[in-house]
Amino acid sequence: MTADGFPGRLLRAGSFWELVTARAAASGDAAMLVDTAGGTVSFSEFKTYAERMAATLAAQGIGPGSRVAWQLPTRTATVVIMAALARLGAVQAPVIPIYRERETGAAVATAGAEFMLVPGTWRDFDYAAMAAGLPAAPKVIVTGESLPPASAGSPSLPARASSAEWVYFTSGSSGLPKGARHTDATLLAAAYGWTLQGRVGELDGDVGSMAYPVAHVGGIIYVMAQLIAGFPIVLAEAFDASTVEVFRRLGVTMSGGSTVFYIALLAAQRAFASAAGSPDARVLPSLRVLKGGGAPCPPAVFWSVREEMGVTVAHDYGMTEVPMICVASPLDTDDQLANSDGKPIPGNEVRIVDAAVELPAGADGEIEVRGAAVCHGYTDPALDAQAFTPDGWFRTGDRGHLRPDGHVEVTGRTKDLIIRKGEKIAPLELETLLIQHPAVAEVAVLGLPDAERGERVCAVLTLRSGAVAPSRPEVTAFLRTAGLMPQKLPEQVEIVSELPRTGLGKVAKQALRDKFSGS
């Protein structure tokens, strides 16, 4: 064991491709990527496939500095392409597959992409046709599920770049994506912080999983983490009804992505235990930890997962511009795990400010961060002045406070604060209470325009299986029992079958505002 408690297999490298090379040499035939059928690619095979894919892409004109957008599913061939582009020194701009013409076109234009890699038709949508019609007119290259042929000899490749650049997209105030500029160094800082502080892959026999878009910034962080710690990942193109059975069959020990995945696994656990006639029956007996970020995790979800699944939720805090701001360890106390979002990773500094004044521990304000994992600004430099302070702190737009133990508790988005008759209402407070209602599976609270109040409080709920929808008086009565003041009680309650989502499962609140503003 090493001094940090991990098995002696952790690797350090200065670039993504160096990490690929070092892990191939260290772990060789050990499994790296596992598909849903159980097929595996080893670490050494992965390096070989990536080199051959790099040669294929080089023959298409892609080389050092080429700007390449790709919109591909979560599959082995996509991870190979990520490594191949890094080997070539290309600037890659991953685009999540749920984007359509408007968002994809804006992303490709923002990144200045010269090439675009797409899967052809996937899940009944023709990505090749969409890409061909984009105003930016990149060269479209259709890729499939197949890996490059394992032909004899070494492919002819240009000199290896020392590092790679990346553009990851996040929604701007207009709803169109803005590009955050990352490098291998910023992403590796996040990946090392997540792996070490989060103790990801620390146990021999750990098996990770990825059932969210690998094009999300969390995708590269997870792949880097597996190369750092040397564990396999099960890849699934989407999280659906079959995914839990795949995870069970392949012995997944680590899962997550965001709170929506925790809740989906909880629903699967409840259905499994009910069918088995025993609350002790485990749908995923090998699972030991859930990690994720992108959206708050209410304490009630932590405790439900612990009690019903026997699994620890170690929830993290990050965003596209800073993939890992704070990371939780499974060794943290239950209070820390249930009521905070981890502590800053090494190399990051976090402060809480209000009107440019730094606040003491316990005081709520805007969260700012600076350090090694922060992006190098946006592809549109005009956005940087608003996002960064003159002394280099990144304004997250999130509100929260530092606890005396050094952990950070995120209490909501500044832009999501509801101003009702001059009273500031934090949606997360109501969401944390409403998720405890026995009929509620998920909840989103938002402010809607209101001529009398300025904004009115709207609670949008999804229901647990078999539950009866609570009326608005029943919802407000439930909140009153929690001691909530009347000004915070919802004036509107809506029941939906599912909440709209972004790429990693964050609730798309603007879509809900658009839907219910006229109700």
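A.B. asks: An account of the overall build of the chain is requested, with residue identities and associated values reported.
C.D. replies: Across its full length, the chain carries 15 helices and 28 strands. Relative to the 2.2 N^0.38 estimate, which gives 24 Å for 519 residues, the radius of gyration of the chain is 23 Å and therefore close to what a compact globule would have. Over its C-alpha atoms, taken along the principal directions, the chain stretches across nearly 75 × 55 × 45 Å. Residue burial in the chain is summarised as follows: out of 519 residues, 57% are buried. Long-range contacts, defined as pairs at least 24 residues apart, comprise 68% of the intrachain contacts of the chain with a sequence gap of at least 6.

A.B. asks: Please set out the side chain of Ser329 residue by residue, giving values where relevant.
C.D. replies: Summarising the element assignment, Ser329 is placed in the loop between β17 (322-327) and α11 (334-339). A relative accessible area of 9% means that Ser329 is categorised as buried. Not counting residues up to four positions away in its chain, the partners in contact with Ser329 are Gln197, Gly198, Arg199, Ala314 and Leu337.

A.B. asks: Which residues make up helix α3 (residues 76-88), and what values do they have?
C.D. replies: With 13 residues, α3 should reach 18 Å at 1.5 Å per residue; the first-to-last C-alpha distance of 19 Å fits that figure. At the C-terminal side of α3, Gly89 shows a positive phi close to 80 degrees.

A.B. asks: Describe the environment of Asp405, and please don't skip the residues or the numbers.
C.D. replies: Along the chain, the position of Asp405 falls in the loop between β22 (394-402) and β23 (408-413). You can call Asp405 partly exposed: its relative accessible area is 33%. Distance from Asp405 to Gln336, taken between C-alpha atoms, is 8.7 Å for residues 69 residues apart in sequence. A polar atom in the side chain of Asp405 sits 2.8 Å from the side chain of Arg403. A distance of 3.0 Å separates a polar atom in the side chain of Asp405 from the backbone nitrogen of His407.

A.B. asks: I'd love a proper account of the pairing of strand β26 (residues 440-450), names of residues and values included.
C.D. replies: For β26, a buried count of 10 out of 11 residues is recorded, marking the element as mostly surrounded by other parts of the structure. Pairing of β26 with strand β27 (residues 454-463) involves 10 bridges; the strand directions are antiparallel. Across the sheet, Ala444 pairs through a bridge with Val460, a residue of β27. In this structure, the hairpin formed by β26 and β27 is closed by a connection of three residues.

A.B. asks: Tell me about the pattern of salt bridges, and please be specific about residues and values.
C.D. replies: Throughout the structure, instances matching the rule amount to 23 salt bridges. A salt bridge links Asp398 to Arg413; the shortest N-O distance between them is 3.0 Å. A residue pair is termed long-range when its members are at least 10 positions apart, and Asp398 in strand β22 and Arg413 in strand β23 qualify at 15 residues. Judged by relative accessible area, Asp398 falls into the buried class, the value being 7%. The partner of Arg403 in a salt bridge is Asp405, and the shortest N-O contact between them spans 2.8 Å. A network of salt bridges, in which partner residues are shared, links Arg420, Asp450, Arg453, Arg456 and Glu491.

A.B. asks: Could you give an account of the layout of surface pockets, with specific residues and numbers?
C.D. replies: Approximately 1,400 Å³ is the volume attributed to the second largest pocket. Lining of the second largest pocket is provided by 48 residues; of these, Phe239, Val260, Ala264, Glu498 and Arg501 occupy positions nearest its centre. Those elements that provide at least two residues to the lining of the second largest pocket are α9 (259-276), α10 (299-309), β26 and β27. Sorting elements by how many residues they give to the lining of the second largest pocket places α9 first, with eight residues. Here the lining of the second largest pocket is built from residues that sort into 30 nonpolar, nine polar and nine charged.

A.B. asks: Explain the packing of aromatic side chains residue by residue, including any values.
C.D. replies: Under the definition given, this model contains 10 aromatic pairs. Ring centres of Tyr222 and Phe231 lie 6.2 Å apart, and the angle between their planes is 55 degrees; this geometry places the pair in the tilted category. Like Tyr222, the residue Phe231 is buried in the burial classification. Taking the centre distance of 5.4 Å and the plane angle of 80 degrees together, the rings of Phe239 and Phe261 count as edge-to-face. Taken together, the residues Phe239 in the loop between β12 (233-235) and α8 (243-249) and Phe261 in helix α9 connect sequence positions 22 residues apart. Residue class for Phe261 comes out buried when judged on its relative accessible area of 10%. Among the aromatic residues, those joined into a ring-pair cluster are Phe16, Trp166 and Tyr168. The ring of Trp122 has Arg123 sitting right over it, with the charged end atom 5.5 Å from the ring centre.

A.B. asks: Account for the packing of helix α1 (residues 16-27) against helix α7 (residues 217-229), with residues named and values stated.
C.D. replies: At a minimum axis separation of 9 Å, α1 and α7 run at an interaxial angle of 35 degrees. Note that α1 runs across α7; the crossing there is left-handed. Along the contact surface, α1 presents Phe16, Leu19, Val20 and Arg23, while α7 presents Ile220, Val223, Met224, Gln226, Leu227, Ile228 and Ala229. For the contact of α1 with α7, a count of residues per class yields nine nonpolar, one polar and one charged.

A.B. asks: Can you lay out the pairing of strand β4 (residues 91-94) for me, pointing to particular residues and giving the numbers?
C.D. replies: Both faces of β4 are covered, namely the face carrying Val91 and Ala93 and the face carrying Gln92 and Pro94. Judged from the four bridges that link them, strand β3 (residues 67-70) and β4 form a sheet pairing that is parallel. Paired with Val68 across the two strands is Gln92, which belongs to β4. Between β3 and its parallel partner β4, the chain crosses via α3, and the hand of that crossover is right-handed. With two bridges connecting them, β4 and strand β9 (residues 165-171) associate as parallel partners. Within β9, the residue paired with Gln92 across the bridge is Trp166.

A.B. asks: With reference to specific residues and values, describe the nonpolar core.
C.D. replies: With 154 residues, the main nonpolar core has Phe16, Phe46, Ile62, Leu85, Leu117, Ile220 and Phe394 as its most contacted residues. The element that contributes the greatest number of residues to this core is α7, accounting for 10 residues. Apart from the residues within four sequence positions on either side, Ile62 is in contact with Leu57, Val68, Leu85, Leu88, Ala90, Phe115 and Ile141. One finds Ala444, Cys458, Val460 and Val507 within the second-largest nonpolar core, a separate group that totals 10 residues.

Parameters and conventions
- Residues numbered from 1 in each chain as written.
- Predicted model: local features only at pLDDT ≥ 70, side-chain atom pairs only at ≥ 80, totals over all residues.
- Heavy atoms only, no water.
- Helix = DSSP H or I, 4+ residues; strand = E, 2+ residues; numbered from the N terminus.
- Rg over C-alpha atoms; globule rule 2.2 N^0.38 Å.
- Buried < 20%, exposed > 50% of the residue type's maximum accessible area, 1.4 Å probe, protein only.
- Contact = heavy atoms within 4.5 Å.
- Expected span 1.5 Å × (residues − 1).
- Polar contact = N/O pair within 3.5 Å; in protein donor to acceptor, adjacent residues only side chain to side chain.
- Pairing = 2+ DSSP bridges.
- Salt bridge = Lys/Arg side-chain N within 4 Å of Asp/Glu carboxyl O.
- 1 Å grid on protein atoms, 1.4 Å probe; cavity = no way out; pocket = protein on both sides within 12 Å on 5 of 7 lines; lining within 4 Å.
- Points joined across faces, edges and corners; volume = space filled by probe spheres on them.
- Nonpolar A, V, L, I, M, F, W, Y, C, P; charged D, E, K, R; others polar.
- Phe/Tyr/Trp six-rings, centres within 6.5 Å; stacked < 30°, edge-to-face > 60°.
- Lys NZ or Arg CZ within 6 Å of the ring centre and 35° of its normal.
- Axes fitted to C-alpha atoms, helices over the stretch in contact; angles between N-to-C directions.
- Left-handed = near helix turned anticlockwise from the far one by under 90°.
- Right-handed = clockwise from strand over helix to strand, strands pointing away.
- Core = buried A, V, L, I, M, F, W, Y, C linked by side-chain atoms within 4.5 Å.

Don't take any of this as a statement about function, it's just geometry.
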